[in-house]
Amino acid sequence: MLPVVPTELEELRDNPVLRGNGTYRIALLIPLCGAAGLWAPSCISSAQVAVEELNRANGIDGRKVQLIMIDAAMEASISIEETVNDLIETNSIDAIVGMHISAIRQRLSKIVRQRIPYIYTPLYEGGERTDGLFAIGETPQEQLGPSMQHIQNEYRPRSWALIGNDYVWPRTSHSYAKGKLQEMSVGLAYEKYLPFGLKSMSMFVEEISRSGAEAVLISLVGQDAVAFNRAFGKANLHDRMVRLSCAIEENGLLGCGAQNSKRLFAASSYFGSLPTDANLSFKEKYFNVHGDQAPVLNALGQSTYEGVHFLAGLMQGHATVWREHSVSPALPVIHRSGRKLSSLNTSERAPIYLARADDLRFEVIKEL
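Undergrad: I'd like a description of the overall build of the protein, backed by residues and values.
TA: The helix and strand tally for the protein stands at 11 helices and 13 strands. Relative to a compact globule of 368 residues, whose C-alpha radius of gyration would be 21 Å, the protein shows 20 Å and is just as compact. Expressed as lengths along the three principal axes of its C-alpha atoms, the size of the protein is roughly 60 × 40 × 40 Å. Burial analysis of the protein (368 residues in total) assigns 58% to the buried set.

Put into structure tokens, the structure is as follows:
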């Protein structure tokens, strides 16, 4: 069965029939351009699998589910706040599933105001407590801390370099990382925050090379991470430095190239190569829908699959009370996931894994 093609925003505006009550319309907010645009194919394809599963059953609220595509890139030409507010005001969407950077989430949280459910799916900096907004991704305490500890134990770097884009997730994550370095009695040799879309990273790679750092935490987004790792590999810094990222995924790894990914590690609750029962089930569903040439499976794509199912579970179990809650053990949501098998113990978080780049794939080496 072919997946239902997501509805474009312009198509929704031009066709009043699409705004009828016969479907449950989810605004799928993902970056379609800019530094994070390389995530889009995996995120769209994974969300489509969840929609297919729901629509083979009862949909959401007894209605067939429809995806409405909205570009949530920082570089997008539209005003995301005006667009989302207009869609809510005209009853054109019933919910939001957002896989975008935290800066966009912070802006939209002031616009949505509990009028519709808002599921935020990727890893993030933690601390989101806005009622009606459900952040389901992993946080630095879960993901970054244990992976830094492992790298430190294995490679004993005397100092670290921190580099990321200039917005809330890298800055908050690096604040946590600096506390972790102090805890481990390890030095900080370098720290830098960059605007999105820089064409050349060679200057920053040279600065890191001169800093004396022996480990690098990379909190750059999408294509910016690709550009940095290409410059890093060209400079052969992997010979004396190890790299760690919580955001580089399979699309980014392909973009970096095998020659630029030596001694590159990633920490995540999901990798396409995970040999778990939950992932084997998810992969079977994914490739049955999209075929062998589907976009690569990765953590960010899996998060949209899980986000759509989390929304369905939220509406099934808590349709009358979701506005007064955010993610907490007090509001357990039973839902499907590619990270873990569904269970009644929904407060149990998915495990975090550390993987090492091996040619053009991630090899999972440890559960943290």
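Undergrad: Account for the state of the cysteines, naming residues and giving values.
TA: In the structure shown here, the tally under the stated rule is 0 disulfides. With no disulfide of its own, Cys33 lies closest to Cys43 among cysteine sulfurs, the gap being 14 Å. Relative accessible area serves as the criterion here: at 26%, Cys33 is assigned to the partly exposed category. Looking at the unpaired Cys256, the closest cysteine sulfur is the one in Cys246, lying at 15 Å.

Undergrad: Please provide a residue-by-residue account of the sheet that holds strand E9 (residues 215-219), values included.
TA: The mixed open sheet is built from 7 strands, whose spatial order is E8-E7-E9-E10-E11-E12-E13. Bordering the open sheet on either side are strand E8 (187-194) and strand E13 (361-367), each of which pairs with just one other strand. Strand after strand, the sheet turns through a mean of 25 degrees between neighbouring axes, direction not considered. Bridge count for strand E12 (residues 353-358) against E13 is 6 bridges, and the pairing is antiparallel. Note that in E13 the partner of Tyr353 across the bridge is Glu367. Helix-sheet contacts for helix H7 (residues 202-211) involve strand E7 (159-165), E8 and E9, and the interaxial angle to E8 is about 170 degrees.

Undergrad: Before we move on, can you summarise the pairing of E12 with the specific residues and values?
TA: In terms of strand pairing, strand E11 (residues 264-268) meets E12 through 4 bridges, oriented antiparallel. Its bridge partner lying in E12, Ala266 is registered against Ala355. Hairpin connection between E12 and E13: a loop of 2 residues separates the two successive antiparallel strands, and Asp359 in this loop has a positive phi of roughly 60 degrees.

Undergrad: Tell me what's going on with the pattern of salt bridges, and back it up with residues and numbers.
TA: Counted by the stated rule, this structure contains 17 salt bridges. For Glu128, the salt bridge identified is with Arg105, shortest N-O distance 2.8 Å. With Glu128 in the loop between strand E5 (118-120) and strand E6 (133-135) and Arg105 in helix H4 (residues 102-112), this pair connects stretches of sequence that are 23 residues apart. Under the relative-accessibility criterion, Glu128 is labelled buried at 10%. The class for Arg105 is buried, based on a relative accessible area of 2%. Ionic pairing is found between Lys178 and Glu191, a salt bridge with its closest N-O pair at 3.0 Å. Here Glu191 lies in strand E8 and Lys178 lies in helix H6 (residues 168-184), a separation of 13 residues in the sequence. The exposure class assigned to Lys178 is partly exposed, which follows from its relative accessible area of 29%.

Undergrad: Residue-level account of helix H11 (residues 299-318), with values.
TA: The end-to-end C-alpha separation of H11 is 26 Å, in line with the 28 Å expected for 20 residues at 1.5 Å each. Counting buried positions over the 20 residues of H11 gives 18, a clear majority of the element.

Undergrad: An account of the pairing of E7 is needed here, citing residue identities and associated values.
TA: Across the 7 residues that make up E7, a large majority, 7, are buried. Bridge count for E7 against E8 is 7 bridges, and the pairing is parallel. Bridge pairing in E8 links Leu162 to Glu191. What joins E7 to E8 is H6, and the crossover it makes is right-handed. Note: E7 against E9, 5 bridges, orientation parallel. Looking at the pairing, Ile163 lines up with Ile218 of E9.

Undergrad: For unusual backbone geometry, give the residues involved together with the corresponding values.
TA: Phi is positive for Gln114, close to 65 degrees, though the residue is something other than glycine. Within the secondary structure, Gln114 is located in the loop between H4 and E5. Phi at Asp359 takes a positive value of approximately 60 degrees, unusual for a residue other than glycine. Residue class for Asp359 comes out exposed when judged on its relative accessible area of 52%.

Undergrad: I'd like a rundown of the packing of aromatic side chains, residues and numbers included.
TA: The tally for this structure, following the rule as stated, stands at 10 aromatic pairs. What links up through ring pairs into an aromatic cluster is the set Tyr270, Phe282, Tyr286, Phe287 and Tyr305. Lying across the ring of Tyr120, Arg105 places its NZ or CZ 4.9 Å from the centre. Against the face of Tyr193 rests Arg171, its NZ or CZ located 4.1 Å from the ring centre.

Undergrad: I'd like a rundown of the packing of helix H3 (residues 80-89) against H4, residues and numbers included.
TA: One can describe the packing of H3 onto H4 by two numbers: an axis separation of 10 Å at closest approach and a directional angle of 35 degrees. In this structure, the crossing between H3 and H4 has a hand that is right-handed. Judged by residue contacts, Ile80, Glu81, Val84, Asn85 and Ile88 of H3 engage Ile104, Arg107, Leu108, Ile111 and Val112 from H4. Residues belonging to the contact of H3 with H4 are distributed by class as follows: 7 nonpolar, 1 polar and 2 charged.

About the criteria used
Once a new chain begins, its residue numbering starts again from 1 and follows that chain's sequence as written. In keeping with the predicted nature of the model, local features appear solely for residues at pLDDT of at least 70, side-chain atom pairs appear and are counted solely at 80 or more, and the whole-chain, interface and lining totals rest on all residues. Computation of side-chain values covers all heavy atoms of the structure but excludes hydrogens and water. The helix and strand labels rest on DSSP assignments: H or I over at least four residues marks a helix, E over at least two residues marks a strand, and numbering proceeds from the N terminus. With the radius of gyration taken over C-alpha atoms, the globule rule is written as 2.2 Å times the number of residues to the power 0.38. Exposed residues in this analysis have more than 50% of their type's maximum accessible area, buried residues have under 20%, and partly exposed residues fall in between, with area computed by a 1.4 Å probe over protein chains only. Two cysteine sulfur atoms make up a disulfide if the distance between them is within 2.5 Å. Whether two strands pair comes down to DSSP finding at least two bridges between them. Interaxial angle, 0 to 180 degrees, is taken between N-to-C directions of lines fitted to C-alpha atoms, where a helix line uses only the stretch in contact. By definition, residues are in contact when any of their heavy atoms lie within 4.5 Å. Every case where a carboxyl oxygen of Asp or Glu lies within 4 Å of a side-chain nitrogen of Lys or Arg is listed as a salt bridge. What a helix is expected to span follows from its residue count: subtract one and scale by 1.5 Å. Here is how to tell: hold the view so the strands point away, follow the path from the first strand over the helix to the second, and if it runs clockwise the crossover is right-handed. Here the aromatic set is Phe, Tyr and Trp, taking the six-membered ring for Trp, and pairing holds for ring centres within 6.5 Å; pairs whose planes are under 30 degrees apart are stacked, those over 60 apart are edge-to-face, and all others are tilted. Charge-over-ring placement is defined geometrically: NZ (Lys) or CZ (Arg) within 6 Å of the ring centre, and within 35 degrees of the ring normal. A crossing counts as left-handed when the near helix is turned anticlockwise from the far one by less than a right angle, and as right-handed when that turn is clockwise. Here the term charged refers only to Asp, Glu, Lys and Arg, the term nonpolar to Ala, Val, Leu, Ile, Met, Phe, Trp, Tyr, Cys and Pro, and the term polar to all other amino acids, Gly among them.

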